[in-house]
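Listed below, chain by chain, are the residues.
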Amino acid sequence: MTKFTVNNQPVEYLLDPETPLLWALRDASNLTGTKYGCGTGECGACIVDIDGAAVPSCRVSIAACEGRFVTTIEGLSRDRSHPVQQVFAALNVSQCGYCIPGMVMAAAVLLKRTPAPTDADIDAAITNICRCGIYPRLREAIRRAGRVAQGEMLSASEA
């Protein structure tokens, strides 16, 4: 039995303790926003926030999450009001959208640590792979989300 907190709710999984967190979230908790991409932690589609760190959920077991706090894309905000979600929508960042939950989660973690990230900060923190090539819009979206979060901009769509 493995116990930890997911999206501010206590959970208890009766799964093999070595089950990857990704599969516990998707299959046992029906939190399907976290995507399976590569299974090796390289693509970033499955990134979640674990105790303030952006972690590929395919590479961490539920046993390793015992007593920890996990936030998925569903837990970031119920109404998509998180600044990163607002800006990604306002700037039409996504194309196919498959990588977006992982990118949003990685960006949200970055902005908690570094509210006004430089291009170097963004490049170091957002290593997610996007086959549609949203990279040209990504840096501006993250910088703008930081400004919205800090109250420097009234809305995500502000020029």
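All values reported here derive from a predicted model rather than from experimental measurement. Residue indices begin from 1 for each chain and proceed along its sequence in written order. This being a predicted model, a pLDDT of at least 70 is required before a residue's local features are given, and a value of 80 or more before pairs of side-chain atoms are given or counted; all residues contribute to the totals for chains, interfaces and linings. With hydrogens and water excluded, all non-hydrogen atoms of the structure serve as input to the side-chain values.

**With respect to a nonpolar patch on the surface**
Phase 1: Here a patch means residues that are over 30% exposed by relative accessible area and free of salt bridges, tied together within 9 Å if like-charged and within 5 Å if nonpolar (Val, Leu, Ile, Met, Phe, Trp, Tyr). Residue burial considers only the protein chains on display, and all accessible areas are found by Shrake-Rupley using a 1.4 Å probe. Salt bridge criterion: a side-chain nitrogen from Lys or Arg within 4 Å of a carboxyl oxygen from Asp or Glu. On the surface, Trp23, Tyr36 and Tyr98 cluster together to form a nonpolar patch covering roughly 290 Å² of accessible area.
Phase 2: Here a helix means four or more residues in a row that DSSP labels H or I, a strand means two or more in a row labelled E, and each is numbered from the N terminus. Along the chain, Trp23 turns up in helix H1 (residues 21-28).
Phase 3: Taking relative accessible area as the criterion, Trp23 reaches 31% and is therefore assigned partly exposed. Only protein chains enter the area calculation, which uses a 1.4 Å probe; residues under 20% of their type maximum are buried, those over 50% are exposed, and those in between are partly exposed.

**Side note on H1**
Phase 1: Buried within H1 we find Leu21, Leu22, Ala24 and Leu25.
Phase 2: Positive backbone phi, at 55°, marks Asn30, one or two positions downstream of H1.

**Overview of the nonpolar core**
Here is a general trend for soluble globular proteins: nonpolar side chains tend to be buried in one another's company.
Phase 1: In this structure, Val84, Phe88, Met103, Ile126 and Ile142 are the most contacted members of the largest nonpolar core, which totals 27 residues.
Phase 2: Going through the elements one at a time, helix H2 (73-76), helix H3 (83-90), helix H4 (100-113) and helix H6 (135-149) are the ones with two or more residues in this core.
Phase 3: Counting residues per element, this core draws most heavily on H4, at nine residues.
Phase 4: Contacts are residue-level and defined by heavy atoms, with any inter-residue pair within 4.5 Å sufficient. Each residue touching Met103, except ones within four places of it in the same chain, is listed here: Phe88, Ile126, Asn128, Ile129, Cys130, Ile134, Tyr135 and Leu138.
Phase 5: Counting residues in hydrophobic clusters, the runner-up holds 15 residues, among them Tyr13, Leu31, Cys65 and Val70. Working definition of a nonpolar core: buried Ala, Val, Leu, Ile, Met, Phe, Trp, Tyr and Cys residues. They are joined through side-chain atoms within 4.5 Å.

**Comments concerning the pairing of strand S3 (residues 47-50)**
On a regular strand, one side chain projects to one face of the sheet and the next to the other, so that they alternate.
Phase 1: Across the two faces of S3 the burial is the same, with Ile47 and Asp49 and Val48 and Ile50 all buried.
Phase 2: Note: two strands are recorded as paired if DSSP finds a minimum of 2 bridges between them. Bridge count for S3 against strand S4 (residues 53-56) is four bridges, and the pairing is antiparallel. Looking at S4, one finds that Ile47 is bridged to Pro56.
Phase 3: Joining the antiparallel neighbours S3 and S4 is a turn of two residues, in which Asp51 adopts a positive phi near 50°.
Phase 4: In the sheet, S3 pairs with strand S5 (residues 69-71) via two bridges, with the strands oriented antiparallel. Following the sheet pairing, Asp49 is matched in S5 by Thr71.

**Notes on the sheet that holds S3**
Phase 1: One open sheet holds the five strands; their spatial order is S2-S1-S5-S3-S4, and the pairing between them is mixed. Every other strand in the sheet has two partners, leaving strand S2 (9-13) and S4 as the edge strands with one partner each. Here the average twist between neighbouring strands, direction ignored, is 40°.
Phase 2: Packing against the sheet, H4 makes contact with S3, S4 and S5, and its axis sits at approximately 35° to S3. Lines are fitted to the C-alpha atoms to define the axes, a helix being fitted only along its stretch in contact, and any angle between axes, read from their N-to-C directions, falls within 0 to 180 degrees.

**Description of unusual backbone geometry**
Most peptide bonds adopt trans geometry, and most residues besides glycine take a negative phi value.
Phase 1: Positive phi outside glycine occurs at Asn7, with the angle close to 50°.
Phase 2: The topology assignment puts Asn7 in the loop between strand S1 (2-6) and S2.
Phase 3: What makes Asn7 buried here is its relative accessible area of 13%.
Phase 4: One non-glycine residue, Arg80, lies in the positive phi region at around 60°.
Phase 5: With respect to the helices and strands, Arg80 occurs in the loop between H2 and H3.
Phase 6: Owing to a relative accessible area of 65%, Arg80 belongs among the exposed residues under this scheme.

**Digging into H3**
Phase 1: Residues of H3 that are buried include every one of Pro83, Val84, Gln85, Val87 and Phe88, and no others.
Phase 2: Its buried side turned inward, H3 meets H2, H4 and H6.

**Some details on the packing of H4 against H6**
Phase 1: Put simply, H4 and H6 touch, their axes get as near as 10 Å, and they point 40° apart. Taken together, the axes of H4 and H6 are oblique relative to one another. H4 and H6 meet at a crossing whose hand is right-handed. Between H4, through Met103, Ala107, Leu110 and Leu111, and H6, the contact on the second element is made entirely by Tyr135, Leu138, Ile142, Ala145 and Gly146. Note that the term roughly parallel is reserved for angles under 35 degrees, roughly antiparallel for angles over 145, roughly perpendicular for angles of 65 to 115, and oblique for everything else. Helix crossings get a hand from a simple test, with the near helix turned counterclockwise from the far one by less than a right angle marking a left-handed crossing and a clockwise turn marking a right-handed one.

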